[in-house]
Amino acid sequence: MPEGFPIIIVNLKTYSQGYGYEGFKLCKIMEELSKEFNVNLAAAVSTVDIQDYSDNLKIPVFAQHVDGVSFGSNTGSILPEAVKQAGAFGTLINHAECQLSPEEIQASLQRCRDVGLSTVLCTADVEATKRGAALDPDMLAVEPPELIGGEISVSTAKPEVIRDSVLAVNQINPGIPVLCGAGVKDQADVSKALSLGSQGILLASGVVKSSEPRKVLIDLIQGL
Ligand code: G3P
């Protein structure tokens, strides 16, 4: 894992429950459930936690962002080599909350290839997904920004975005799995997303902000 699909990637963002000890406890639950149900679960975590979580968890750890920089004078940047060395399996690129210019996206993808980080390129709509597919990331994750963090899932509000993104990617670069996310909360959202052709889910608030994350995760897993 997580070379297989479908996959659920939980993005811990900067939620109070999503870093340090609390974030680790959540990832530990994910590790247990991944084993128990034999499913692919992964976590996108704070840069600060990558080393600790990677050292102590058996699920793949993703960075939430890296910069497309190399060694040198780039104060404050997140160096792909450092993320790789800390044990990350991959990274999100261009999340809706951390958007990059087209040049920055290309640079990040290239640097991740250089160092062997798996890439999840995030896109906002079908057109952006098409452009993204041409860049050959390892995965695409389409998330309508207006639905992120909300109560209504992409599967319910905009199923056509999932379906059309998958169709478009299959024409451009069929080897790229398309994930989707935004507002995903339960197994019905997950199974609908998969039935529309996606190969996984990128989600956050439904799990991270829940008072019963284990229960929510088990429900989500039933939708795989
Ligand atoms: O990265 C996942 C994300 O942006 C979706 O967030 O809270 O709608 O599941 P959420």
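Procedures and definitions
Residues numbered from 1 in each chain as written. Predicted model: local features only at pLDDT ≥ 70, side-chain atom pairs only at ≥ 80, totals over all residues. Heavy atoms only, no water. Helix = DSSP H or I, 4+ residues; strand = E, 2+ residues; numbered from the N terminus. Rg over C-alpha atoms; globule rule 2.2 N^0.38 Å. Buried < 20%, exposed > 50% of the residue type's maximum accessible area, 1.4 Å probe, protein only. Contact = heavy atoms within 4.5 Å. Areas by Shrake-Rupley, 256 points an atom, 1.4 Å probe, with all protein chains shown as cover. Lys, Arg positive; Asp, Glu negative; His and termini not counted. Charge placed at Lys NZ, Arg CZ, Asp CG, Glu CD. Core = buried A, V, L, I, M, F, W, Y, C linked by side-chain atoms within 4.5 Å. Near = heavy atom within 4 Å. Polar contact = N/O pair within 3.5 Å; in protein donor to acceptor, adjacent residues only side chain to side chain. Nonpolar A, V, L, I, M, F, W, Y, C, P; charged D, E, K, R; others polar.

1. Describing the overall build of the chain
Regarding its fold elements, the chain presents 10 helices and 8 strands. For the chain, the C-alpha radius of gyration of 16 Å lies close to 17 Å, the compact-globule estimate for 224 residues. The buried share among the 224 residues of the chain stands at 53%. Looking at the chain alone, contacts between residues at least 24 apart form 66% of all its contacts between residues at least 6 apart. When the accessible area of the chain is evaluated, it comes to approximately 9,900 Å², of which 50% is carbon and sulfur surface. Both charge centroids of the chain, one from 17 positive and one from 27 negative side chains, sit 3 Å from each other.

2. Notes on the nonpolar core
Among the nonpolar cores identified, the biggest contains 60 residues, and V10, L217 and L220 are the most heavily contacted of them. Element by element, the count of residues in this core is highest for helix 1 (residues 20–37), at 6 residues. Those residues in contact with L220 that sit more than four places away from it in its chain are I8, V184, K185, D186, Q187, V190, L203 and V207. Counting residues in hydrophobic clusters, the runner-up holds 12 residues, among them I7, A42, F62 and A141.

3. Some words on the site of the ligand
The environment of the ligand is formed by N11, K13, H95, E143, I148, G149, A182, G183, L202, L203, A204 and S205. A204 is positioned such that a nitrogen or oxygen atom in its backbone is 2.8 Å from an oxygen atom of the ligand. Protein contacts shield 100% of the accessible area of the ligand, which totals 310 Å² for the unbound molecule. Residues that form the shell around the ligand fall into these classes: 5 nonpolar, 5 polar and 2 charged.

4. A look at the side chain of T123
With respect to the helices, strands and loops of the structure, T123 is situated in strand 5 (residues 118–123). Note on T123: relative accessible area 8%, which makes it buried. At 2.9 Å, the side chain of T123 forms a polar contact with the side chain of T129. In this view, T123 contacts A128, T129, L140, A141, V142 and E143; residues no more than four positions away in its chain are not counted.

5. Things to note about the environment of G183
Mapped onto the elements of the fold, G183 is located in the loop between strand 7 (178–181) and helix 8 (187–195). Taking relative accessible area as the criterion, G183 reaches 7% and is therefore assigned buried. Taking the C-alpha atoms as reference points, G183 and L147, separated by 36 residues in sequence, lie 5.8 Å from one another.

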